[in-house]
Amino acid sequence: MLAYAPSVLCLLAFGWGVLRDRRRVSNAVLLGLTLVFALTALVFQLVSRRPQFSDDLAVALLVLAALSVVTLAGFLLANGVTMVRKEGRSPGNLLSLGVGLSLFALLALLIAALVLHTRVLMVVAGTAVLLAGHGAFLFLCFLLYATLYQRLRIRRRADYVVVLGSGLIGGDTVPPLLASRLDRAAKEHARLMRKGRRPVLITSGGQGPDEDLPESHAMADYLVTRGFPPELVEREDRSTSTEENLNFSKAIMRKANPAYRCVVVTNNYHVFRAAVTARRAGVRGHVVGASTASYFWPSAMIREFVALLLTYRRTNAALFLLVALGGACIWWLAWPFTGRVSLFDV
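About the criteria used
Residues numbered from 1 in each chain as written. Predicted model: local features only at pLDDT ≥ 70, side-chain atom pairs only at ≥ 80, totals over all residues. Heavy atoms only, no water. Helix = DSSP H or I, 4+ residues; strand = E, 2+ residues; numbered from the N terminus. Polar contact = N/O pair within 3.5 Å; in protein donor to acceptor, adjacent residues only side chain to side chain. Contact = heavy atoms within 4.5 Å. Pairing = 2+ DSSP bridges. Axes fitted to C-alpha atoms, helices over the stretch in contact; angles between N-to-C directions. Buried < 20%, exposed > 50% of the residue type's maximum accessible area, 1.4 Å probe, protein only. Right-handed = clockwise from strand over helix to strand, strands pointing away. Patch = residues over 30% accessible without salt bridge, like charges linked within 9 Å, V, L, I, M, F, W, Y side chains within 5 Å. Areas by Shrake-Rupley, 256 points an atom, 1.4 Å probe, with all protein chains shown as cover. Salt bridge = Lys/Arg side-chain N within 4 Å of Asp/Glu carboxyl O. Parallel < 35°, antiparallel > 145°, perpendicular 65-115°, else oblique. Left-handed = near helix turned anticlockwise from the far one by under 90°. Core = buried A, V, L, I, M, F, W, Y, C linked by side-chain atoms within 4.5 Å. Expected span 1.5 Å × (residues − 1). Nonpolar A, V, L, I, M, F, W, Y, C, P; charged D, E, K, R; others polar. 1 Å grid on protein atoms, 1.4 Å probe; cavity = no way out; pocket = protein on both sides within 12 Å on 5 of 7 lines; lining within 4 Å. Points joined across faces, edges and corners; volume = space filled by probe spheres on them.

Caption draft 1: Broad picture of the side chain of Thr-292. Looking at where Thr-292 falls in the secondary structure, it is placed in the loop between strand E5 (285-290) and helix H10 (297-311). Reaching out from Thr-292, the side chain makes a polar contact with the side chain of Asn-267 at a distance of 3.5 Å. Contacts of Thr-292, omitting those with residues within four sequence positions, involve Leu-177, Asn-267, Asn-268 and Tyr-269.

Caption draft 2: Geometry of the sheet that holds E5. On the basis of which strands lie adjacent, the open sheet formed by 5 strands has the order E3-E2-E1-E4-E5 and parallel pairing. Both outer strands of the open sheet, strand E3 (233-236) and E5, are each paired with one neighbouring strand and no more. Taking the axes of each pair of neighbouring strands and ignoring which way they run, one obtains an average angle of 25° across the sheet. Note that strand E1 (residues 160-164) and strand E2 (residues 200-204) share 5 bridges and pair parallel. Looking across to E2, one finds that Leu-164 is bridged to Ser-204. Where helix H7 (residues 215-224) meets the sheet, its contacts fall on E1, E2 and E3, and the angle it forms with E2 comes to roughly 135°.

Caption draft 3: Spatial organisation of the pairing of E2. Burial analysis of E2 places 4 of its 5 residues in the buried class, the great majority of the element. A crossover links E1 with its parallel partner E2, the connecting element being helix H6 (residues 176-194), and its sense is right-handed. Inspection of the sheet shows E2 paired to E3 by 4 bridges, in the parallel sense. Paired with Thr-203 across the strands is Arg-235, a residue of E3. Between E2 and its parallel partner E3, the chain crosses via H7, and the hand of that crossover is right-handed.

Caption draft 4: Seen up close, unusual backbone geometry. Look at His-117: it is not a glycine, yet its phi comes out positive at around 55°. Here His-117 lies in the loop between helix H4 (95-116) and helix H5 (119-149).

Caption draft 5: Summary view of a nonpolar patch on the surface. Taken together, the side chains of Val-120, Val-124, Trp-332 and Leu-333 present a nonpolar region at the surface, about 400 Å² in accessible area. Contributing elements (two or more residues each) for the nonpolar patch: H5 and helix H11 (313-338). Structurally, Trp-332 is set in helix H11. For Trp-332, a relative accessible area of 39% translates into the label partly exposed.

Caption draft 6: Broad picture of the packing of helix H8 (residues 242-256) against helix H9 (residues 271-281). The N-to-C vectors of H8 and H9 enclose an angle of 45°; their axes lie 10 Å apart at closest approach. It follows that H8 is oblique to H9 by the angle criterion. In this structure, H8 crosses over H9, and the sense of that crossing is right-handed. Contacts between H8 and H9 involve Thr-242, Glu-243, Leu-246, Asn-247 and Lys-250 on the former and, on the latter, Arg-273, Ala-274, Thr-277, Ala-278 and Ala-281.

Caption draft 7: Representation of the nonpolar core in the model. Judged by nonpolar contacts, the single largest core of 35 residues is most densely connected at Met-253, Phe-272 and Val-283. Broken down by secondary-structure element, the contributors of at least two residues to this core are helix H2 (25-49), H5, E1, H8, strand E4 (262-267), H9 and H10. Of the residues forming this core, the biggest block, 7 residues, is contributed by H9. Dropping the residues within four chain positions of it, Val-283 is found in contact with Arg-23, Leu-246, Lys-250, Met-253, Tyr-260, Cys-262 and Ala-278. Listed in part, the 22 residues of the second largest apolar core include Ala-158, Leu-201, Leu-232 and Val-265.

Caption draft 8: Representation of the pattern of salt bridges in the model. Within the structure shown, the criterion is met by 7 salt bridges. A salt bridge links Asp-159 to Arg-157; its shortest N-O distance comes to 3.2 Å. Among the residues examined, Asp-159 registers a relative accessible area of 15% and is labelled buried. Arg-157 gets classed as partly exposed once you look at its relative accessible area, which sits at 38%. What emerges from the salt-bridge pattern is a single network uniting Arg-157, Asp-159 and Arg-197.

Caption draft 9: Local environment of H10. The end-to-end C-alpha distance of H10, which contains 15 residues, comes to 21 Å, matching closely the 21 Å that a straight helix rising 1.5 Å per residue would cover. Within the sequence span of H10, burial applies to Pro-298, Ser-299, Ala-300, Met-301, Ile-302, Glu-304, Phe-305, Ala-307 and Leu-308.

Caption draft 10: Spatial organisation of the packing of H5 against H9. At their nearest, the axes of H5 and H9 sit 9 Å apart, and the two run at 80° to each other. Comparing the axis directions of H5 and H9 gives the class roughly perpendicular. Two secondary-structure elements touch here, H5 through Phe-142, Tyr-145, Ala-146 and Tyr-149 and H9 through Val-271, Phe-272 and Ala-275. When the residues that make up the contact of H5 with H9 are grouped by side-chain class, the tally is 7 nonpolar, no polar and no charged.

Caption draft 11: Focus on H7. In terms of burial, H7 is a largely internal element, 7 of the 10 residues being buried. Of the residues making up H7, those classed as buried are Glu-215, Ser-216, Ala-218, Met-219, Ala-220, Tyr-222 and Leu-223. Contacts from the buried residues of H7 go to E1, H6, E2 and E3.

Caption draft 12: Up close: empty space enclosed by the protein. Under the definition given, this model contains 2 cavities of 30 Å³ or more. There is about 50 Å³ of room inside the largest cavity. Taken together, Arg-22, Tyr-149, Gln-150, Leu-152, Ile-154, Val-271, His-286, Val-287, Val-288 and Gly-289 make up the full set of residues lining the largest cavity.

Structure representation (structure tokens):
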């Protein structure tokens, strides 16, 4: 049972982190480490009990990993084509296509290294695999915890419901994506009203260069025309990003009620990053999500993950550099024991 000690320690740290503040990125990493250590301990236990199965287990895991990568790459390519067809060729919409192509390129590099078996190519391929593995681990941590975060219960008491803007169609029309946020906000507001609260709903979004009016005004009009009480709507019309949405909305809430609590509404793919941003901005509240079209979700989640990496760019750059240098050193030093001399080494 000692093999499970690292997993148990990470689980305890994860539980403590969630109790302190569920909006921390460290919670996602601790959850991932808990599962990795538990799986590693399980494999170690199986191999120690039946050593004759170790080779078969290693082959099975390698085959499973290869099939998973090929399947994932094919799915992302198909999703990327769908995104381009339905949403256009913006950089954000090309992410799933780019990741799918990158996975196939990584497989091609690994196969070439195994066939040619040259020192430099083996080191490059091995390091690339380690970097991809590190990135995949972080993405799975993000995906698992983002899913879990949306299922954790939030406080019942809230004085405000804040809806984050996302752009208008034709300069003045609320698009379906934003409409889903507003509909979810109206439901959340109704839930709070049934609990005896009378929260104010803040529509948050400024005016873009191609818009005829601030997003917050179009959002408020959308709600009022559907029967929402106009006296319970307040407009925050200066923000141009998620960070500004939250900071400017926080200023409105603190001015009226320094002890405020709030619920922030966005789309489900954006929930965890919005929660992290809210924590960094000092906003007192949690985030809930509205549903998103299934074809849009994979590319959007990749975009959110990349944005989260950039939020902690220094830490992640240091980690990726450490993995790259460590991997290169391991592969280079291990070559005399595992490789053979080729024409490139003469």
